[in-house]
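An overview of the molecular structure
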Amino acid sequence: MNEDTFWKLIEDCRPIGPDPDAEQLAAALTEHLARSPVFVVTGFAEHLAWALYRLDRKELGQGLSGDAFLYTRCAVVAAGREIFESVLRDPGIFAPFATNLIWAESLLYTPDHAYERVTGEEWDRNTRYSYESYSNTGGWARDGPTVDSQGSQRHADRTRDAERLTGDSWSM
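A short tour of the structure in this document, coming up. None of these values were measured; they are calculated from a predicted model.

Attention now goes to the packing of aromatic side chains. Describing an aromatic ring pair means giving the distance of the ring centres and the angle of the ring planes. All told, the structure shown has 13 aromatic pairs when counted by the stated rule. Taking the centre distance of 5.0 Å and the plane angle of 45° together, the rings of Phe6 and Phe44 count as tilted. One end of the pair, Phe6, is in helix H1 (residues 3-13); the other, Phe44, is in helix H3 (residues 38-55), with 38 residues separating them in the sequence. Both residues of the pair, Phe6 and Phe44, count as buried. Ring centres 6.4 Å apart and planes at 25° place the aromatic pair Phe94 and Phe97 in the stacked group. A single burial state applies to Phe94 and to Phe97, both of which are buried. Three or more aromatic residues link up through ring pairs in this structure, and these residues are Phe69, Phe94, Phe97, Tyr134 and Trp140.

Here is the structure:
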């Protein structure tokens, strides 16, 4: 799964009406992923972790508990690529998510639920990037985040290399 496919899947599964806490989005994503090969589920988990890792920055998380910051970052991802990229460019866009405690905790567990449905086994998820709050040491460095568009390109290159080595790729 590449980054464009990840964001398209989120967009395609997002409900039309209100979805507090992204419960409907998480359910739709789980259903879609549960009908997919396991490499699609693990690819989704990798891209979700990468997105959450990129949002794990001091200027966004200061003053929030670890869980509140994690679930709020999930809400930014659930809001879609445009909002996600806007928050990366302008941290002020994150403020309403944090101030109003807009959470999407259920999105975090989507790949785990889908994996269990596909394999019949519980998943001990271990992604390349940690989604846990405060794990992006570059994002919490005194001088600000070190993951930028070049970091995104390096991630895309590693993903493409991994797909080439394993034969695991998927497009909609």
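There's plenty left to go through after this.
It is worth spelling out the pattern of salt bridges at this point. Enumeration according to the criterion identifies nine salt bridges in this entry. A salt bridge links Glu85 to Arg81; the shortest N-O distance between them is 3.1 Å. Pair noted here: Glu85 and Arg81 are both in helix H6 (residues 81-89), with a separation of four residues, about one helical turn. Overall, the relative accessible area of 28% leaves Arg81 in the partly exposed class. What you see here is one network of salt bridges that share partners, running through Asp4, Arg81 and Glu85.

Cut-offs and rules
Residues numbered from 1 in each chain as written. Predicted model: local features only at pLDDT ≥ 70, side-chain atom pairs only at ≥ 80, totals over all residues. Heavy atoms only, no water. Phe/Tyr/Trp six-rings, centres within 6.5 Å; stacked < 30°, edge-to-face > 60°. Helix = DSSP H or I, 4+ residues; strand = E, 2+ residues; numbered from the N terminus. Buried < 20%, exposed > 50% of the residue type's maximum accessible area, 1.4 Å probe, protein only. Salt bridge = Lys/Arg side-chain N within 4 Å of Asp/Glu carboxyl O.

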